[in-house]
Amino acid sequence: MSTLTDTTSLKLKKEFPEAEDFLPLNGTDHVELYVGNAKQAAHFYKTAFGFQSVAYAGLETGMKDRVSYVLQQDKIRLVLTSPLSESGEINAHLNKHGDGVKNVALWVDDATKSWQETTKRGAVSVFEPKTIEDENGKVVLSAIETYGDTVHIFVERSAYNGPFMPGYRKWKSHYNPSDAGLKYIDHMVGNVGWNEMNKWVDFYARVMGFAQLISFDDKDISTEYTALMSKVMTNGNGRIKFPINEPAEGKKKSQIEEYIDFYNGPGVQHIAVATDNIIETVTALKDRGVEFLYVPDNYYDDVLDRVGEIDEELKELKELGILIDRDDEGYLLQLFTKPVADRPTLFFEIIQRKGAKSFGKGNFKALFEAIEREQDNRGTL
Ligand code: FE2
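Owing to the predicted nature of the structure, the values given are computational and were not obtained by experimental measurement. (Residues numbered from 1 in each chain as written. Predicted model: local features only at pLDDT ≥ 70, side-chain atom pairs only at ≥ 80, totals over all residues. Heavy atoms only, no water.)

Structural notes on the overall build of the protein
Working step 1: From N to C terminus, the protein includes 9 helices and 17 strands.
Working step 2: Here the C-alpha radius of gyration of the protein, 20 Å, is about what a compact globule of 381 residues would show, namely 21 Å.
Working step 3: Considered along the principal axes of its C-alpha atoms, the protein spans approximately 60 × 50 × 40 Å.
Working step 4: Every one of the 381 residues in the protein was classed for burial, and the buried ones make up 57%.
Working step 5: Counting contacts in the protein only where the partners sit at least 6 residues apart, residues at least 24 apart contribute 70% of the total.
Working step 6: For the protein, the accessible area works out to roughly 16,200 Å², and carbon and sulfur atoms hold 46% of it. (Helix = DSSP H or I, 4+ residues; strand = E, 2+ residues; numbered from the N terminus. Rg over C-alpha atoms; globule rule 2.2 N^0.38 Å. Buried < 20%, exposed > 50% of the residue type's maximum accessible area, 1.4 Å probe, protein only. Contact = heavy atoms within 4.5 Å. Areas by Shrake-Rupley, 256 points an atom, 1.4 Å probe, with all protein chains shown as cover.)

Shown next as structure tokens:
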């Protein structure tokens, strides 16, 4: 459901000259996390991040083995799922990975064709197209594997008017904290293992028809201790952007390697959510208890030399620890949360774009140094 539409000036790498649209995507439909305690996680995402109660499925709706809460903030829809029994794939996933993203669901007009086009290009099917129905209409779903145990579900919901999907009922809560100004998913980053980045870049290019945006390599992104390589894949209309990271050799363990160790394999590293006013949003999130990475004060000493003139008061950005970067087309403001669960795995990025279409490369060094201080605190550097 992301709405970044203007891709005319995105710089696409020549290697994959056109994003071939055999897989038209309308946006992100939802992101489903498997979590140890969905009820409490839902409370966290409402209280801390300002998500709203949308739909529920569980014993009361005839779901025997799991419970799911659907939350939404503007176009961002999260599904939080926990198992109700001792066995099954959700338990296995939690045992291996801890809380994390299981399904990155993509909104399509034709879930059957999406499945056919991707599986014929080599995608591994998770389930074939199936139609689910209730009194509100029908939804067609299909799914394929991506990196690690992560899945892309194709969701076709043109004939559905219910709160989320058949099997769910409207979730009415007496507790409805205000939103925090989060609008849509800007990008979602995957961490993959050593030497696996190009394999997954190739997957998104050949199987999903994505194109590669101009990227950076480990010489660009390294600090004394940490290094990574990253390539950004985008679909044809630019609404879906998936940067893919792999660890690179540094003096000590990189944050990508730390993620892979604690997640026990590849997975979603961060979900970047966009706001129209990052100062208001971050102020609200901090008040609600969201923890952000600490940015060293000295980051701000020479930042304007690097990024030039900006609309915001530097003092306000510094107080909130908001990072600034610029590319040829404008600038962006961004900030990263600490991991949202106990394992140092999934975190969120808050981003406001003011023309820039890149991902904050200029901030990586400052950011990594901040992350390394956290790693040092955990004894995992
Ligand atoms: Fe990001």
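Moving on, there is more to tell.
Some thoughts on the sheet that holds strand 9 (residues 169-170)
Working step 1: On the basis of which strands lie adjacent, the open sheet formed by 9 strands has the order 6-7-8-5-1-4-3-2-9 and mixed pairing. Edge strands, defined here as strands with exactly one partner in the open sheet, are strand 6 (125-134) and strand 9.
Working step 2: Here 5 bridges tie strand 5 (residues 100-107) to strand 8 (residues 151-156), and the two strands are oriented parallel to one another. By the bridge assignment, Leu106 is partnered in strand 8 with Phe154. (Pairing = 2+ DSSP bridges.)

Focus on a negative patch on the surface
Working step 1: Taken together, Asp297, Asp301, Asp302 and Asp305 make up a surface patch of like negative charges.
Working step 2: Here Asp305 shows up in helix 7 (residues 303-307).
Working step 3: Residue classification places Asp305 among the exposed residues on the basis of a relative accessible area of 68%. (Patch = residues over 30% accessible without salt bridge, like charges linked within 9 Å, V, L, I, M, F, W, Y side chains within 5 Å. Salt bridge = Lys/Arg side-chain N within 4 Å of Asp/Glu carboxyl O. Lys, Arg positive; Asp, Glu negative; His and termini not counted. Charge placed at Lys NZ, Arg CZ, Asp CG, Glu CD.)

Considerations on the pairing of strand 10 (residues 182-191)
Working step 1: For strand 10, the tally of buried residues reaches 9 of 10 residues, placing the bulk of the element in the interior.
Working step 2: Here 2 bridges tie strand 10 to strand 13 (residues 241-247), and the two strands are oriented parallel to one another. Paired with Gly190 across the two strands is Ile244, which belongs to strand 13.

Examining the side chain of Thr281
Working step 1: Relative to the helices and strands, Thr281 is located in helix 6 (residues 278-287).
Working step 2: Looking at Thr281, its side chain comes within polar contact range of the main-chain oxygen of Ala180, at 2.8 Å.
Working step 3: Apart from residues no more than four positions distant in its own chain, Thr281 is found in contact with Ala180, Gly181, Leu182, Thr275 and Ile350. (Polar contact = N/O pair within 3.5 Å; in protein donor to acceptor, adjacent residues only side chain to side chain.)

Let's talk about the packing of aromatic side chains
Working step 1: If you walk through the whole model with that rule in mind, you get 18 aromatic pairs.
Working step 2: Relative to Phe348, the ring of Tyr45 lies with its centre 5.9 Å away and its plane at 55°, an arrangement referred to as tilted. Of this pair, Tyr45 sits in helix 1 (residues 38-47) while Phe348 sits in strand 17 (residues 347-354); the two residues are 303 residues apart in sequence, bridging distant segments of the chain. No difference in accessibility class separates Tyr45 from Phe348, as the two residues are buried.
Working step 3: Taken together, a centroid distance of 5.1 Å and an interplanar angle of 45° make the contact between Phe49 and Phe348 tilted. Here Phe49 is found in the loop between helix 1 and strand 2 (52-57), whereas its partner Phe348 is found in strand 17, with 299 residues between them in sequence. Across this residue pair, the class does not change: Phe49 and Phe348 are buried.
Working step 4: Counting every residue linked through ring pairs, the aromatic cluster contains Tyr147, Trp200, Phe203, Tyr204, Phe210 and Phe242. (Phe/Tyr/Trp six-rings, centres within 6.5 Å; stacked < 30°, edge-to-face > 60°.)

As for the coordination of the iron ion
Working step 1: Protein ligation of the iron ion involves His187 (NE2), His270 (NE2) and Glu349 (OE), the donor distances falling in the range 2.0 to 2.2 Å.
Working step 2: Donor residues binding the iron ion come from one chain and are separated in sequence as H-x82-H-x78-E. Placement of the pair is His187 in strand 10 and His270 in strand 14 (residues 267-275), with a sequence separation of 83 residues.
Working step 3: Residue class for His187 comes out buried when judged on its relative accessible area of 2%. (Donors = N, O, S within 2.8 Å, 3.2 Å for Na, K, Ca; no water.)

Some words on the layout of surface pockets
Working step 1: In this structure, the largest pocket spans a volume of roughly 600 Å³.
Working step 2: Lining the largest pocket are 29 residues, and of these Glu32, Arg66, Asn103, Phe127 and Ile153 lie nearest its centre.
Working step 3: Among the elements of the structure, strand 1 (27-34), strand 3 (66-73), strand 5, strand 6, strand 7 (137-145) and strand 8 are those that each provide at least two residues to the lining of the largest pocket.
Working step 4: When residues of the lining of the largest pocket are assigned to their parent elements, the largest contribution, 4 residues, is made by strand 6.
Working step 5: When grouped by side-chain class, the residues that make up the lining of the largest pocket number 13 nonpolar, 9 polar and 7 charged. (1 Å grid on protein atoms, 1.4 Å probe; cavity = no way out; pocket = protein on both sides within 12 Å on 5 of 7 lines; lining within 4 Å. Points joined across faces, edges and corners; volume = space filled by probe spheres on them. Nonpolar A, V, L, I, M, F, W, Y, C, P; charged D, E, K, R; others polar.)

Some details on the side chain of Glu258
Working step 1: Along the chain, the position of Glu258 falls in helix 5 (residues 255-263).
Working step 2: Not counting residues up to four positions away in its chain, the partners in contact with Glu258 are Lys253, Pro344, Gln375, Arg378 and Thr380.

Observations concerning the domain arrangement of the protein
Accessible area lost on assembly of the parts is the figure often given for the size of an interface.
Working step 1: Once the domains are mapped, the protein shows domain 1 (25-170) and domain 2 (182-378).
Working step 2: If you look at the interface, domain 1 gives 40 residues, while domain 2 gives 39 residues.
Working step 3: Between domain 1 and domain 2 lies a buried interface of about 3,100 Å² when both sides are counted; carbon and sulfur atoms form 66% of it.
Working step 4: Ranking the residues of domain 1 by area buried against domain 2 places Phe49, Ile76 and Tyr147 at the top, with a combined share of 23%. (Domains from an automatic or database assignment. Buried area = accessible area lost by both parts, 1.4 Å probe.)

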